[in-house]
Amino acid sequence: MKKKLIEVALPLDAINKASAREKSIRHGHPSTLHLWWARRPLAAARAVIFAQMVDDPSANPDLFPTERAQEKERKRLFKIIEELVQWENTTNEAVLQRARAEIWQSWRRACAENADHPRAKELFDRNKLPAFHDPFAGGGALPLEAQRLGLEAYASDLNPVAVLINKAMIEIPPRFAGRPPVNPEARAKRDLIAREWKDAQGLAEDVRYYGRWMRDEAEKQIGHLYPKIEVTAEMAKERPDLEKYVDQKLTVIAWLWARTVKSPNPAFAGVDVPLASTFMLSTKKGKEASVEPVIEDGGYRFTVRAGKPKNAEAAKAGTKLSRGANFQCVMSGTPISGDYIKAEGKAGRMGARLMAIVAEGERGRVYLAPTPKHEAAAKEAKPEWRPDVEFFQQALGFRVGNYGMTRWSDLFTDRQLVALTTFSDLVGEAIDRAHQDALSGGIPDAPTPLRDGGTGATAYAEAVGTYLSLGIGRSADFWCSIATWSPQPKNELVAHAFTKQAIPMTWDFGEINPFSESGGNFGQNLSFVAKSVDRFGYACGRALQSDASKQAESIDCIVSTDPPYYDNIPYADLSDFFYVWLR
């Protein structure tokens, strides 16, 4: 077999630079379709597969007889890779076609050299590139890039969440590529239906439409659990910054909660004291805001102060004394040890108290103190279903079990559970609507489902439902009680839960309003999904669940993979967080 480019040299600086840049790219990047841990950069995957398929010039001395000629040709190939790895060129057909042409050229040379092979007709067909397989597909970067380079791609993984992600990237989009959307809004506009719908853009448009329908229906059903907050003249007495909002009802972005335990001080044993890692709400220069506990009537309440806090260090620290689970009682200053907190949590006595409300202002966030109405709205939520499934307590990076949180349902507030179950139930209704609209749009009424390779109205509606489900998976990452509030100047928002490859214990958390216009809402989560789908739809692909040690898909395929590192990331345990919703 001829020596390949990857065995000799690569333009590593260009590949590394493009790979690093991908971390800052969000809109349309496949990583925003759904979270997966330790994804491989697309730039690196694309470069590796290209260099794996293309001959090194030294392998063809008849064409490049001297070292100088070989180096010149190598530099030409490097130039192709340097263009190929740029994010802007992921859908640039001219750049992709140049890379594909090189792959075909090397492949045909391989076919000619193996013309006498006993299985030449089967294995070395000069008119058909070999298929590609990644037996540890994970986030799907390698199969997707193989598909982009013109290879029929196969992805397999033992994890069902990884398999679903790969199906959504390489298997479903090509089946419906080039089709216009079927939703009635698009079909009513002749210019939309008449335009060219490249790749899976029509499917993406339908995902947006039925996602908006789901959002509106959910708001009708549970919108009362997410009330607006009215700014009163009383609120503005001590807060001049609120005067322009008096008598206005502001949309809430998030409710910020602190976990609580009973005070260990006998004098305040009946008081649920907060475990707040910080009281800072905003650290933006000139727009600082913080929570301040006010001790009164044998208890305390939270108020919100605008401007720099009098004691900046105390506000930054919250009730935390040091790293780990070490706090102090807000009533007495009595230390609260980690062991005490763990015991309270395991006894079921850990609660949560509303610290502050974040609302949408004219040019930024408005921070407000809790109100009885908003505390009552949260308590009104009564979930009809819970993912009461125990997770593996000793999983790497799982800390919450030490505090009595042993089931997936323990990681969500009741209101979050109601929201996620409501949106999940609406996926089925959206599929029914998409099915009827697909029939009205002229798609054949073929009964073959999506899982069996269907391409008719039934399969199409199920495809739409798949992406709507991924939108709910993305939402679960934000709508849980391990998602914390970030007070940083450029990111005043609720950060998603999986900022690390673990489920750490969080002491205070942000509860997002799914119906706001700010980060983490359902509309935004689904828009990331749809923008990813816009860019899918290349050659044929297939994703399946299989054990890498027993699968047969790799036979006669080009194989490229990044196997998991032993006990480095607990993929199976982490992905169950999403599996309980996606199933």
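Draft legend 1. Up close: helix 6 (residues 141–148). By the criterion of burial, helix 6 is predominantly enclosed, with eight of the eight residues buried. By the burial criterion, the buried members of helix 6 are A141, L142, P143, L144, E145, A146, Q147 and R148. Where helix 6 is buried, its residues meet helix 2 (42–53), helix 4 (93–113), strand 1 (132–134), strand 2 (153–157), helix 7 (160–175) and strand 18 (541–545). Within two residues after helix 6, G150 carries a phi angle of roughly 100 degrees, on the positive side.

Draft legend 2. Layout of the pairing of strand 9 (residues 299–306). Relative to strand 9, strand 8 (residues 289–296) runs antiparallel, the two being bridged by eight bridges. When the sheet's bridge partners are listed, V294 is paired in strand 9 with R301. Turn length for the strand 8-strand 9 hairpin, with the two strands adjacent in sequence and antiparallel, is two residues, and the turn residue D297 shows positive phi of about 50 degrees.

Draft legend 3. Quick peek at the packing of helix 7 against helix 16 (residues 457–478). The interhelical angle for the contact between helix 7 and helix 16, taken along N-to-C directions, is 145 degrees, at an axis separation of 11 Å. Considering only the axes of helix 7 and helix 16, their crossing is left-handed. Contacts between helix 7 and helix 16 involve L164, A168, I172 and P173 from the first element and A463, T466, Y467 and L470 from the second. Grouping the amino acids of the contact of helix 7 with helix 16 by side-chain chemistry returns seven nonpolar, one polar and no charged.

Draft legend 4. The arrangement of the layout of surface pockets in detail. Each pocket or cavity is described by its volume, and for the largest pocket that value is around 1,200 Å³. A per-class count over the lining of the largest pocket returns 15 nonpolar, 16 polar and eight charged.

Draft legend 5. A look at the pattern of salt bridges. Considering all chains together, one arrives at 35 salt bridges under this definition. With its nearest N and O atoms 2.4 Å apart, the salt bridge here joins R21 to E88. Separated by 67 residues along the polypeptide, R21 in helix 1 (residues 12–21) and E88 in the loop between helix 3 (67–84) and helix 4 bring together distant segments of the chain. Residues R415 and E511 are paired through a salt bridge, measuring 2.9 Å at the closest nitrogen-oxygen approach. Remark: E511 occurs in strand 17 (residues 508–512) and R415 occurs in helix 15 (residues 414–440); sequence separation between them is 96 residues.

Draft legend 6. How the structure looks around the pairing of strand 8. In the sheet, strand 7 (residues 280–282) pairs with strand 8 via two bridges, with the strands oriented antiparallel. For M280, the partnering residue across the bridge sits in strand 8 and is S290. As consecutive antiparallel partners, strand 7 and strand 8 are separated by six residues, and within that stretch G286 has a phi angle of approximately 85 degrees, a positive value.

Draft legend 7. Layout of the side chain of D157. Tracing the chain through its elements places D157 in strand 2. It turns out D157 is buried and unbridged, and the closest side chain with the opposite charge, R39, is 11 Å from it. Contacts of D157, omitting those with residues within four sequence positions, involve P135, F136, A137, G138, A162, V163, L544, Q545 and S546.

Draft legend 8. The packing of aromatic side chains, seen in detail. Throughout the structure, instances matching the rule amount to 27 aromatic pairs. The interplanar angle of 70 degrees and the centroid separation of 5.2 Å between the aromatic rings of F327 and W507 together place this pair among those described as edge-to-face. Residue F327 is located in strand 11 (residues 326–328), and its partner W507 is located in the loop between strand 16 (491–494) and strand 17; the two are separated by 180 residues in the primary sequence. Here F327 and W507 have matching classes, each one buried. Summarising the aromatic geometry, the rings of F577 and F578 are spaced 5.0 Å apart at their centres and angled 85 degrees between planes, so their arrangement reads as edge-to-face. Owing to a relative accessible area of 0%, F577 belongs among the buried residues under this scheme. Given a relative accessible area of 1%, F578 falls into the buried group. In textbook terms, an aromatic cluster arises when at least three aromatic residues are bridged by ring pairs, as seen for W36, W37, W385, F391, F398, W408, F412, F498, Y571, F577, F578 and W581. Geometry around W197 places R195 over its ring, the cationic atom sitting 3.7 Å from the centre. In this structure, R415 packs its charged tip against the face of W255, placed 4.2 Å from the ring centre.

Reading guide: rules and limits
Residues numbered from 1 in each chain as written. Predicted model: local features only at pLDDT ≥ 70, side-chain atom pairs only at ≥ 80, totals over all residues. Heavy atoms only, no water. Buried < 20%, exposed > 50% of the residue type's maximum accessible area, 1.4 Å probe, protein only. Helix = DSSP H or I, 4+ residues; strand = E, 2+ residues; numbered from the N terminus. Contact = heavy atoms within 4.5 Å. Pairing = 2+ DSSP bridges. Axes fitted to C-alpha atoms, helices over the stretch in contact; angles between N-to-C directions. Left-handed = near helix turned anticlockwise from the far one by under 90°. Nonpolar A, V, L, I, M, F, W, Y, C, P; charged D, E, K, R; others polar. 1 Å grid on protein atoms, 1.4 Å probe; cavity = no way out; pocket = protein on both sides within 12 Å on 5 of 7 lines; lining within 4 Å. Points joined across faces, edges and corners; volume = space filled by probe spheres on them. Salt bridge = Lys/Arg side-chain N within 4 Å of Asp/Glu carboxyl O. Lys, Arg positive; Asp, Glu negative; His and termini not counted. Phe/Tyr/Trp six-rings, centres within 6.5 Å; stacked < 30°, edge-to-face > 60°. Lys NZ or Arg CZ within 6 Å of the ring centre and 35° of its normal.

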